[in-house]
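# Coordinate inspection notes
In case you want the letters, here they are:
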Amino acid sequence: MYDLRSDTVTKPSKEVIQSALDAELGDDEYIEDPTVNNLENHCAELLSFEKGLFVSSGLMGNQVSLLIHNEPGTEVITPHDSHIKNYEHGAAAFLSRVQFRDAQNIDGEVDLEFIEKLILKSKIHKPQIKTISIENTHLASGGSVVSFDSIKSLSDLSRRHDLKLHVDGARIWHAILEDNNKNYGDYCDSLTFCFSKALGAPIGSMLLGSKEFIKEAREYRKKLGGGMRQVGVIASMASKALENRECILEDHVKAKKVYDFLVINLNNEKIESVVYKGTNMIFINVISEEDPNKLLDIFYKNSINAGLIGDKSIRLVLHKDISSDDIDDISNRLLHSSSEF
Ligand SMILES: Cc1ncc(COP(=O)(O)O)c(C=O)c1O
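Note that the structure is predicted; figures quoted are calculated from it, not measured. (Residues numbered from 1 in each chain as written. Predicted model: local features only at pLDDT ≥ 70, side-chain atom pairs only at ≥ 80, totals over all residues.)

## Regarding the overall build of the chain
- From N to C terminus, the chain includes 13 helices and 15 strands.
- Computed over the C-alpha atoms, the radius of gyration of the chain is 20 Å, within 12% of the 20 Å expected from 2.2 N^0.38 for a compact globule of 341 residues.
- Taken along the three principal axes of its C-alpha coordinates, the chain extends 55 × 55 × 35 Å.
- Burial status across the chain gives 49% buried among its 341 residues.
- Counted over contacts in the chain with a minimum sequence separation of 6, partners at least 24 positions apart contribute 74%. (Helix = DSSP H or I, 4+ residues; strand = E, 2+ residues; numbered from the N terminus. Rg over C-alpha atoms; globule rule 2.2 N^0.38 Å. Buried ≥ 20, exposed ≤ 12 C-beta atoms within 10 Å, placed from the backbone. Contact = placed C-beta atoms within 7 Å.)

## Here's the deal with the site of the ligand
- In the vicinity of the ligand lie 13 residues, with Ser57, Gly58, Leu59, His83 and Ala170 positioned nearest.
- Split by residue class, the shell around the ligand holds 4 nonpolar, 7 polar and 2 charged. (Near = placed C-beta within 6 Å. Nonpolar A, V, L, I, M, F, W, Y, C, P; charged D, E, K, R; others polar.)

## Description of the sheet that holds strand S8 (residues 164-168)
- On the basis of which strands lie adjacent, the open sheet formed by 7 strands has the order S2-S10-S9-S8-S7-S3-S4 and mixed pairing. Both outer strands of the open sheet, strand S2 (51-55) and strand S4 (99-103), are each paired with one neighbouring strand and no more. On average, each strand axis in the sheet is tilted by 20° relative to the strand beside it, whichever way the strands run.
- Across 5 bridges, strand S7 (residues 129-135) lies against S8 in parallel orientation. Considered in S8, the bridge of isoleucine 134 is made with valine 167. (Pairing = 2+ DSSP bridges. Axes fitted to C-alpha atoms, helices over the stretch in contact; angles between N-to-C directions.)

## Let's talk about the domain arrangement of the chain
- Taken domain by domain, the chain holds domain 1 (11-243) and domain 2 (247-340).
- Residue-level contacts link 14 residues of domain 1 with 14 residues of domain 2.
- Across the side of domain 1 that touches domain 2, the residue classes tally to 4 nonpolar, 7 polar and 3 charged. (Domains from an automatic or database assignment.)

## What about the nonpolar core?
- Among the nonpolar cores identified, the biggest contains 67 residues, and Leu47, Phe54, Val64, Leu191, Leu208, Ala217 and Ala238 are the most heavily contacted of them.
- At 6 residues, the largest contribution of residues to this core is made by helix H3 (residues 58-69).
- Not counting the four nearest positions on each side in its chain, leucine 208 is found in contact with Cys43, Ala44, Leu47, Phe49, Gly52, Gly185, Ser190 and Leu191.
- Core analysis: the next-biggest nonpolar cluster, separate from the first, contains 24 residues, Val274, Met281, Ile282 and Leu295 among them. (Core = buried A, V, L, I, M, F, W, Y, C linked by C-beta atoms within 7 Å.)

## Points about the environment of leucine 25
- Turning to its location among the elements, leucine 25 is positioned in the loop between helix H1 (14-21) and helix H2 (34-46).
- Taking C-alpha positions, leucine 25 is 25 Å from serine 210, a pair spaced 185 residues apart along the chain.
- Contact partners of leucine 25, with chain neighbours within four places excluded, come to Asp33, Thr35, Gln230, Gly232 and Val233.

## Points about the pairing of S8
- Burial within S8 is extensive, with 5 of its 5 residues counted as buried.
- Because side chains alternate across S8, one face comprises the buried residues Lys164, His166 and Asp168, and the other comprises Leu165 and Val167, equally buried.
- A crossover connection joins S7 to the parallel S8 through helix H7 (residues 148-160); in handedness this β-α-β unit is right-handed.
- Relative to strand S9 (residues 190-194), S8 runs parallel, the two sharing 3 bridges. Each bridged residue has a counterpart across the sheet, and for valine 167 the counterpart in S9 is leucine 191.
- Handedness of the crossover joining S8 and S9 through helix H8 (residues 172-179) is recorded here as right-handed. (Right-handed = clockwise from strand over helix to strand, strands pointing away.)

## As for the packing of H2 against helix H10 (residues 232-243)
- The interhelical angle for the contact between H2 and H10, taken along N-to-C directions, is 35°, at an axis separation of 8 Å. Crossing geometry of H2 relative to H10 is assigned as left-handed. Along its contact with H2, which presents Pro34, Thr35, Val36 and Leu39, the element H10 presents Gly232, Ala235, Ser236, Ala238 and Ser239.
- Tallied by class, residues from the contact of H2 with H10 come to 5 nonpolar, 4 polar and no charged. (Left-handed = near helix turned anticlockwise from the far one by under 90°.)

## A look at the packing of helix H11 (residues 247-265) against helix H13 (residues 327-340)
- Running from amino to carboxyl end, H11 crosses H13 at an angle of 35°, the nearest separation of the two axes being 10 Å. The hand of the H11/H13 crossing is right-handed. Listed contacts from H13 to Lys254, Lys257, Val258, Phe261, Leu262 and Asn265 of H11 are Ile327, Ile330, Ser331, Leu334 and Leu335.
- Taken together, the residues of the contact of H11 with H13 sort by class into 7 nonpolar, 2 polar and 2 charged.

## Regarding the pairing of S9
- Taking burial as the measure, the 5 residues of S9 include 5 buried ones, the bulk of the element.
- Burial along S9 is two-sided: Ser190, Thr192 and Cys194 and Leu191 and Phe193, pointing in opposite directions, are all buried.
- The pairing of S9 with strand S10 (residues 205-209) spans 5 bridges and is classified as antiparallel. Following the sheet pairing, phenylalanine 193 is matched in S10 by methionine 206.

## Some remarks on the sheet that holds strand S15 (residues 313-317)
- Spatially, S11-S12-S15-S14 is the arrangement adopted by the 4 strands of the open sheet, whose pairing is antiparallel. Strands at the two margins of the open sheet, each flanked by one partner only, are strand S11 (271-276) and strand S14 (307-309). Pairs of neighbouring strands in the sheet enclose a mean axial angle of 30°, with direction left out of account.
- Summarising the sheet, S14 and S15 pair through 3 bridges and their orientation is antiparallel. Bridge assignment links glycine 307 to a residue of S15, and that residue is arginine 315.
- Sheet strands in contact with H11 are S11, strand S12 (281-286) and S15, and its direction is about 150° off that of S11.

Right, dumping it as structure tokens:
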């Protein structure tokens with residue numbers, strides 16, 4: 001079975017697991033675990049932030065950021081289809097008690113004029129807007145890279161209006177390896193990225209921001225039960241996985257190969273479109289009259305475990321545990337399945 005549901009299914013390599021055995025450890029609640037401290041400093045430096053905090057998940061990084069940037073009853077502007085709003089189990093309502101204001105977007109890039117108007121409107125009846133949150137790469141559009149120019153413009157806008165800019169960079173390395181822009185800390189107030197997606201670490205995310213932001217984040221992490229002890233065993237695996245981040249580019253090549261094959265060969269009127277946005281995902285959109293679950297079941301019968309996203313899209317995610325040698329077989333299985341649809 002080829003598991004293409006997500007890049008979260010990637011397993012740690014032996015080399016990654018070995019690094020846990022060799023890790024130097026201490027009590028991270030006392031900020032005394034050297035492996036964690038090194039990883040936090042290294043990640044902060046890589047992305048031009050002052051400090052980092054190792055957290056258990058992308059969700060925790062996102063939600064701690066919202067807790068710090070907002071007060072209950074304020075608003076966060078975010079793409080209408082963002083993860084932080086739609087897929088975090090209502091955590092923002094539960095924890096920071098903010099509400100989201102939808103920003104229309106094209107491939108994760110929001111319309112600045114629209115946001116400017118929202119901000120100006122938010123005087124008497126509308127809640128105060130405190131934060132803009134964007135997602136890079138943008139999951140719901142199929143893994144699009146949000147342009148760095150658009151991030152710089154958003155940074156300028158948020159500074160002019162005294163707002164905070166947060167980046168849900170769960171898959172930030174997919175963007176960075178494509179466009180080479182790393183200095184997020186010069187433009188954004190906080191960013192979180194995951195070690196457990198595509199990189200192949202078993203657990204963990206990094207939250208980045210200013211020194212004051214990370215001090216507060218440490219307190220919120222504790223309140224949420226996320227304080228950890230000899231967590232260098234996990235941080236070492238995250239660190240080793242990050243060292244191998246170039247492997248993500250191979251995932252992009254594999255995804256493009258499958259996409260090219262499908263675009264040339266797929267011919268079924270029940271499939272509306274096949275979408276590839278330049279990173280590690282392919283979306284297969286079925287026509288509105290059809291149930292994508294049916295195609296999902298056929299894929300499964302043909303040894304392809306795919307994921308469902310939204311009402312009409314099947315998601316295929318290429319990752320490090322799928323070898324380049326398997327791409328032809330996967331492509332043929334997808335084609336054969338769609339002929340049974
Ligand atoms: C864009 C995005 N943000 C945040 C998360 C949350 O990450 P985690 O599953 O580590 O909580 C995910 C998880 O898939 C994601 O895709």
